[in-house]
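# Chains, contacts and geometry: an overview
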Amino acid sequence: MGAAGGDGPPAPAGPTDPADLADLADLTDFDAFLRISAELTGFDETELRDTGMAHEHHRTLLAHRVRDEHALLHLWYVGAWPDEPPASPRAHDRGLMWRTFHGAAPGSTAPGHGSWAEAPRGGGER
């Protein structure tokens, strides 16, 4: 189960069977990419599709020769391949890191009219 149903971030499962690690070598198939991504991130395939980034992240992966599970996790959580800028302007905003704590990337969503008049969620009077 992903972050949407739990109290904290999902624990990345990671492949446990050496045969699963072999699957990392050939992720040209989109369904295999999504399945492995779900195993690594702890989010299910539907949650990954709901980010709107599944196909873009697959293209980013295919643009790199290395099939590294750490780089793939970085791509899903941060929205960028390690040591590169985000794949697109929306990739960072849709990263899984924001979903793990039910937040939003700064500047990505408007707080709404009048929001300054209310205490922040979880905040009290000072």
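Structure report, in brief. Just so it is clear, the structure is predicted and the values come from calculations on it, not from any experiment. Per chain, residue numbering runs from 1 following the sequence as it is written. With pLDDT at 70 or above as the cut-off, local features in this predicted model cover only qualifying residues; side-chain atom pairs require 80 or more to be listed or tallied, and sums for whole chains, interfaces and linings still use all residues. To obtain the side-chain values, all non-hydrogen atoms of the structure were used and water was disregarded.

Regarding its fold elements, the chain presents 6 helices and 0 strands. Ordering the α and β elements of the chain from the N terminus gives α-α-α-α-α-α. Here's how the labels work: a residue is buried when its accessible area is under 20% of the maximum for its type, exposed when over 50%, partly exposed in between, all with a 1.4 Å probe on protein chains only. Within the span of the chain, comprising 126 residues, buried residues form 37% of the whole. Here a strand is any run of E in DSSP of at least two residues, a helix any run of H or I of at least four, and the numbering for each starts at the N terminus.

On to the side chain of His 57. Position of His 57 relative to the elements: it lies in helix H4 (residues 54-62). Given the relative accessible area of 1%, His 57 is considered buried. Look past the residues within four positions of His 57 in its chain and what remains in contact with it is Phe 33, Leu 75, Trp 76, Gly 79 and Ala 91. Every residue pair with non-hydrogen atoms within 4.5 Å of one another is taken to be in contact.

Right, let's talk about the packing of H4 against helix H5 (residues 69-78) for a bit. Where H4 contacts H5, the two axes come as close as 11 Å, and the packing angle between them is 145 degrees. In this structure, H4 crosses over H5, and the sense of that crossing is right-handed. For the pair formed by H4 and H5, the contact residues are Ala 54, His 57, Thr 60 and Leu 61 on the first element and Leu 72, Leu 75 and Trp 76 on the second. Along the lines of polarity and charge, the residues of the contact of H4 with H5 split into 5 nonpolar, 2 polar and no charged. Between the N-to-C directions of two axes lies an angle of 0 to 180 degrees, each axis being a line fitted to C-alpha atoms and, for a helix, fitted only over the stretch in contact. We call a crossing left-handed when the near helix sits turned anticlockwise from the far one by less than a right angle, and right-handed when that turn is clockwise. Note on residue categories: nonpolar means Ala, Val, Leu, Ile, Met, Phe, Trp, Tyr, Cys or Pro, charged means Asp, Glu, Lys or Arg, and polar means any other residue, Gly included.

With that settled, the discussion passes to the side chain of Ser 37. Turning to its location among the elements, Ser 37 is positioned in helix H2 (residues 30-41). Residue Ser 37 is classed as buried on the basis of its relative accessible area of 0%. With residues near it in sequence (within four places) discarded, Ser 37 still touches Leu 48, Leu 72 and Trp 76.

A word on the packing of aromatic side chains. Whether two aromatic rings pair depends on their centres lying within 6.5 Å, for rings of Phe, Tyr and Trp, where Trp uses its six-membered ring; planes under 30 degrees apart make the pair stacked, over 60 edge-to-face, and the rest tilted. By the definition in use, this model includes 3 aromatic pairs. Here the aromatic rings of Phe 33 and Trp 76 are separated by 6.0 Å at their centres, their planes lie at 25 degrees, and the arrangement is stacked. You can see Phe 33 sitting in helix H2 and its partner Trp 76 sitting in helix H5, a full 43 residues away along the chain. Of the two residues, Phe 33 and Trp 76, neither departs from the other in class, the shared state being buried. Centre to centre, the rings of Phe 43 and Tyr 77 are 6.1 Å apart; their planes meet at 65 degrees, and the pair counts as edge-to-face. Of this pair, Phe 43 sits in the loop between H2 and helix H3 (45-50) while Tyr 77 sits in helix H5; the two residues are 34 residues apart in sequence, bridging distant segments of the chain. When its relative accessible area of 2% is taken as the criterion, Phe 43 is described as buried. By relative accessible area, Tyr 77 is classed as buried at 15%. Among the aromatic residues, ring-to-ring pairing joins Phe 30, Phe 33 and Trp 76 into one connected group.

For Asp 83, which is not glycine, the phi dihedral falls at a positive 65 degrees. Note on placement: Asp 83 falls in the loop between H5 and helix H6 (96-100).

Another point: the packing of H2 against H5. For the pair H2 and H5, interaxial distance at closest approach is 10 Å and the crossing angle is 85 degrees. As summarised for this structure, H2 and H5 are arranged roughly perpendicular, according to the angle between their axes. Touching Phe 33, Leu 34, Ile 36, Ser 37, Leu 40 and Thr 41 of H2 are Glu 69, Leu 72, Leu 73, Trp 76 and Tyr 77, all from H5. Among the residues making up the contact of H2 with H5, the classes are represented as 8 nonpolar, 2 polar and 1 charged. In what follows, roughly perpendicular refers to angles from 65 to 115 degrees, roughly parallel to angles under 35, roughly antiparallel to angles over 145, and oblique to any angle outside these ranges.

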